[in-house]
Amino acid sequence: MELIAVAVNTPQHSGLGDVLTYRATSAAAPGTLVRVPLGRRETTGIVWARCVAAPPADQLRDVIEAIGALPALPASWLQLVEFAAAYYQRSIGEVALGALPPSLLGLDNRQMERRVARAAKGSARAGHAAPGRGDALAAVRAAVETPAGDPNDPGLAQPPLPELSAEQQAALAALAEAHGRPLLVHGVTGSGKTEIYLRAVARALEAGRQALMLVPEINLTPQLEALVAARFPLRRVVSLHSALGAAERARNWLAVLTGRAEIVLGTRLAVFAPLVRPGLIVVDEEHDPSFKQQEGARYSARDLAVYRGRLEGVPVLLGSATPSLESWQHAQSGRYALISLNERVGGGPMPRLRIVDLRNLPRGGTEREVLVPALREAIAERVGRREQSLLLLNRRGWAPVLHCAACGWKSGCAHCSAWRVFHKSDRTLRCHHCGFTERVPRACPDCGNLDLAAIGRGTERLEEQLRSLLPQARVARIDADTTRRAGALQAQLAEVHAGEVDVLVGTQMIAKGHDFRRVTLVAAVNPDAMLFSADFRSGERLFALLMQAAGRAGREASQAAASEMWLQTGYPDHPLYRALARHDYPGFAMRLLDERRTSGLPPFMHLALLRADAARAADAEAFLQRSAAAAAALSEAAGVTVYPPVPAAMARIADVERMQMLVESASRPALQRFLAAWAPALIEARAATRGLERFAVDVDPLSF
Ligand code: ADP
Ligand code: ZN
Ligand code: ZN
């Protein structure tokens, strides 16, 4: 009989502990999956590398079976999970099992054997490429596989490669010499960052290793897949993200663990890909908030990628046109190596920025027009030339709120501290936070007034206004409402690429990454809303969004000179817009970093949030007060500040009151020591607080 440690999925607040001890007839290697009893059910756990103290014999339970059909997860993977669990204050089992494809979790050994065999056979049949990856890839494979000759000869299928610029070469040299330091590649869109990633991937593959590439959005993976497949037609590329079907996700994951997959593309969850021969980790658009998980284990995939690189001794490449201030500060202090690509490939200029004063909007009928006349003309000219324009408005629906001027009624949500948005297409009032939807009332529900006014403007209304302003133009809209059906976004993007659209209206969805070739004008219709948000990161985000949007224009070098980015603003002299006009990220970042240093904010201060949800705000607050009292008694609280409880920025969602408490320290290790020491007190405070629905610790929070 052997005693083995097994990580099982017990939530942190259950107080059961991270890793439990079981009895087994034979030892199993760490990283092996096992079926074990847990309470009254059976569950899958992972054998953990850890010495275990034997509990009393009458409490010991037996392992049901080891899932030997699955290769053991690598030791470095176990270490990554252990670090993530400790850092983000979650249980090891939750993080570990949460990182496995859900469809593999219930299987016994015989079932797993079949799954592993089927996955291996599936990939043999599909040759080097993974099945089910869409037309772009199929076309590439057909092109590669049709010519006579030996398809295994890499020379035959190798696409011609562009000659690297001096900056790109410097970046690759820096990556080779980074010695454990991540490399931050800062360069505007079109400056050749992706080419650097691809060369770095090629090097890793030549060394017989696997490369992992992370992107922020599921929507961007097909585009990257097509690109990577075209560059490496004979290599097996798989993707990992939450929108994959269960079978495909499991198959791809197995291909990584068995070493068959050589290139792994994915969203944040792919940072836990079970690489067996890691050789490179790339994080594209590293500044993007989507890398931070916003529920459950609230980890930052970007930060874990950096940790993983050091753990595995593997180079890490972070790329962005507007790096996060965290990464930029590391690059200034020398913790990260930095390469800046200062020009677009081919020497084309960045689009010229035209800042126009929103206060000059003419009146059309009863209210202001949506576009200043000069912008309207600039768009009309492009329609005439068959060039495309892209209009960005970060708000969907027709109008963000309805209002009764007679009695002051507004279209609030009964369940949230938010307004319900008027959607004209189906004549509803919809809450974007809880989904509560009703038909729009004919008259004011409070006073019967028939004259309800729509306040403000969303993408739906902008689309409608553009159709009437530019009757000759083909206007389309892309936002979360138009892309709800599976495949709808890809179909809509295809129309844009095919030139069937003259003016595209959309939310930030259209600002990210897409390689539109005919866009020569991008306009932010009303970006000011983000200038004065209470969130201290809103300026950083707005700058990134606008830079990214500008990057959609003039991607075709022949058109770059004529391409423009327009901003309609009530604050034409705001330093953020001025820096944007100079395309001056470093200057902007330096100013923001000074502000953050002076006001004691990240990256100079380290934060954690204790969040509490309850039906009644008083219960959430009572939990936080108990937790604060416990914190005050801890010796680890030295050097750590615990602020009083306050309502979250969205104080109520779906009838749940949300309170939070900020914890900060100038020292990350001090904050970590404090959080670890505080954890048991939180479980006690929870037990003592009736009515508390849940609590969560959010380390390095991105939203408040
Ligand atoms: P980014 O990732 O910074 O947006 P890309 O790497 O996609 O930039 O490069 C933009 C365009 O320039 C792409 O079409 C790419 O193929 C091309 N390109 C990149 N590097 C070179 C180079 N050294 N020589 C010629 N073309 C290049
Ligand atoms: Zn009214
Ligand atoms: Zn709601």
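Keep in mind that what you see is a predicted model, and the values were worked out from it rather than measured. (Residues numbered from 1 in each chain as written. Chains lettered and ligands numbered in written order. Predicted model: local features only at pLDDT ≥ 70, side-chain atom pairs only at ≥ 80, totals over all residues. Heavy atoms only, no water.)

Engineer: Sorry, what's going on with the sheet that holds strand 19 (residues 421-423) here?
Structural biologist: Within a beta sheet, neighbouring strands are joined by backbone hydrogen bonds and run either parallel or antiparallel to one another. One open sheet accounts for 3 strands, arranged 19-20-21; its pairing is antiparallel. Edge positions in the sheet fall to strand 19 and strand 21 (437-439), since each has one partner strand and no second. With direction set aside, neighbouring strand axes in the sheet form an average angle of 25 degrees. One ladder, built from 3 bridges, connects strand 20 (residues 428-430) with strand 21; its direction is antiparallel. Residue pairing in the sheet places Arg430 in a bridge with Thr437 of strand 21. (Pairing = 2+ DSSP bridges. Helix = DSSP H or I, 4+ residues; strand = E, 2+ residues; numbered from the N terminus. Axes fitted to C-alpha atoms, helices over the stretch in contact; angles between N-to-C directions.)

Engineer: In this structure, what is going on with helix 6 (residues 166-176)? I would like to understand it.
Structural biologist: Taken together, the buried positions of helix 6 are Gln168, Ala171, Leu172, Ala174 and Leu175. Seen end-on, helix 6 carries its buried residues on one side only, within an arc spanning 160 degrees. In helix 6, the exposed positions angled more than 90 degrees off the buried face are occupied by Ala166 and Ala176. Summarising the contacts, the buried residues of helix 6 are in contact with strand 7 (183-187), helix 7 (193-206), strand 11 (278-284), strand 12 (316-320) and strand 13 (337-341). (Buried < 20%, exposed > 50% of the residue type's maximum accessible area, 1.4 Å probe, protein only. Arc of directions from axis to C-beta. Contact = heavy atoms within 4.5 Å.)

Engineer: Looking at this structure, how should I read the coordination of the zinc ion (ligand 2)?
Structural biologist: The protein atoms that coordinate the zinc ion (ligand 2) are Cys404 (SG), Cys407 (SG), Cys444 (SG) and Cys447 (SG), at distances of 2.3 to 2.4 Å. What the 4 donor atoms of the zinc ion (ligand 2) show is an angle range of 104 to 113 degrees at the metal, which sorts the shape as tetrahedral. Of note, the zinc ion (ligand 2) draws all its donor residues from one chain, in the sequence arrangement C-x2-C-x36-C-x2-C. Classification of Cys444 by relative accessible area gives buried; the value is 3%. Judged by its relative accessible area of 40%, Cys447 is partly exposed. (Donors = N, O, S within 2.8 Å, 3.2 Å for Na, K, Ca; no water. Tetrahedral: all angles 85-135°; square planar, octahedral: opposite > 155°, others 65-115°.)

Engineer: What should I look at first to understand the sheet that holds strand 11 in this one?
Structural biologist: Spatially, the 7 strands line up as an open sheet ordered 9-10-8-11-12-7-13, and their pairing is parallel. Where the open sheet ends on each side, the last strands, each with one partner, are strand 9 (237-240) and strand 13. Taking each pair of neighbouring strands and ignoring which way they run, the sheet shows an average axis angle of 20 degrees. Relative to strand 11, strand 8 (residues 210-214) is paired through 5 bridges, and the arrangement is parallel. By the bridge assignment for strand 11, Gln210 is matched with Pro278. Docked against the sheet, helix 8 (residues 221-231) engages strand 8, strand 9 and strand 10 (263-266), running at close to 165 degrees with respect to strand 10.

Engineer: I keep staring at the confidence of the model for the protein chain and nothing clicks. Help me out?
Structural biologist: Any segment with low pLDDT has predicted coordinates that should not be analysed in fine detail. For the protein chain, mean pLDDT is 90; residues scoring 70 or higher make up 93% of the total. Across residues 127-151, where pLDDT falls below 50, the model places 33 contacts with residues more than four positions away in sequence or in other chains. (pLDDT = per-residue confidence, 0-100.)

Engineer: Would you take a moment to explain the environment of Ala418 for this structure?
Structural biologist: Checked against the element boundaries, Ala418 lands in the loop between strand 18 (401-404) and strand 19. Given the relative accessible area of 14%, Ala418 is considered buried. The spacing of Ala418 and Ile653 is 235 residues in sequence and 8.3 Å in space, taken between C-alpha atoms. Look past the residues within four positions of Ala418 in its chain and what remains in contact with it is Gly412, Cys413, His433 and Met650.

Engineer: Got a minute to help me understand the coordination of the zinc ion (ligand 3) in this structure?
Structural biologist: For a metal bound by four donors in a tetrahedral arrangement, the ideal donor-metal-donor angle is 109.5 degrees, while six donors in an octahedral arrangement ideally sit at 90 or 180 degrees. With distances of 2.2 to 2.4 Å, the protein atoms coordinating the zinc ion (ligand 3) are Cys413 (SG), Cys416 (SG), Cys431 (SG) and Cys434 (SG). Viewed at the metal, the 4 donor atoms of the zinc ion (ligand 3) are separated by angles of 104 to 113 degrees, and the geometry they form is tetrahedral.

Engineer: Would you mind showing me how to read the packing of helix 6 against helix 7 here?
Structural biologist: To characterise two packed helices, one gives the angle between the axes of the helices and the distance between these axes. Where helix 6 meets helix 7, the axes come as close as 10 Å, and the angle between the chain directions of the two elements is 40 degrees. Between helix 6 and helix 7, the interaxial angle falls into the category oblique. Crossing of helix 6 against helix 7: the hand is right-handed. Of helix 7, the residues touching helix 6 (which contributes Gln168, Ala171, Leu172, Leu175 and Ala176) are Glu195, Ile196, Arg199, Ala200 and Arg203. (Parallel < 35°, antiparallel > 145°, perpendicular 65-115°, else oblique. Left-handed = near helix turned anticlockwise from the far one by under 90°.)

Engineer: How should a positive patch on the surface be read in this particular structure?
Structural biologist: A contiguous patch of positive charge, built from Arg110, Arg114, Arg118 and Lys121, is present on the exposed surface. Mapped onto the fold, Arg114 is located in helix 3 (residues 109-125). Under the relative-accessibility criterion, Arg114 is labelled partly exposed at 46%. (Patch = residues over 30% accessible without salt bridge, like charges linked within 9 Å, V, L, I, M, F, W, Y side chains within 5 Å. Areas by Shrake-Rupley, 256 points an atom, 1.4 Å probe, with all protein chains shown as cover. Salt bridge = Lys/Arg side-chain N within 4 Å of Asp/Glu carboxyl O. Lys, Arg positive; Asp, Glu negative; His and termini not counted. Charge placed at Lys NZ, Arg CZ, Asp CG, Glu CD.)

Engineer: Mind showing me how you'd approach the packing of aromatic side chains here?
Structural biologist: Two numbers describe a pair of aromatic rings. These are the distance of the centres and the angle of the planes. If you walk through the whole model with that rule in mind, you get 12 aromatic pairs. Consider the rings of Phe543 and Tyr585, whose centres lie 6.3 Å apart with planes at 50 degrees: the pair is tilted. With Phe543 in helix 15 (residues 538-550) and Tyr585 in helix 18 (residues 585-599), this pair connects stretches of sequence that are 42 residues apart. With a relative accessible area of 1%, Phe543 lands in the buried category. Its relative accessible area of 3% is what places Tyr585 among the buried residues. Members of the aromatic cluster, connected to one another through ring pairs, are Phe83, Tyr87, Tyr88 and Tyr307. (Phe/Tyr/Trp six-rings, centres within 6.5 Å; stacked < 30°, edge-to-face > 60°.)

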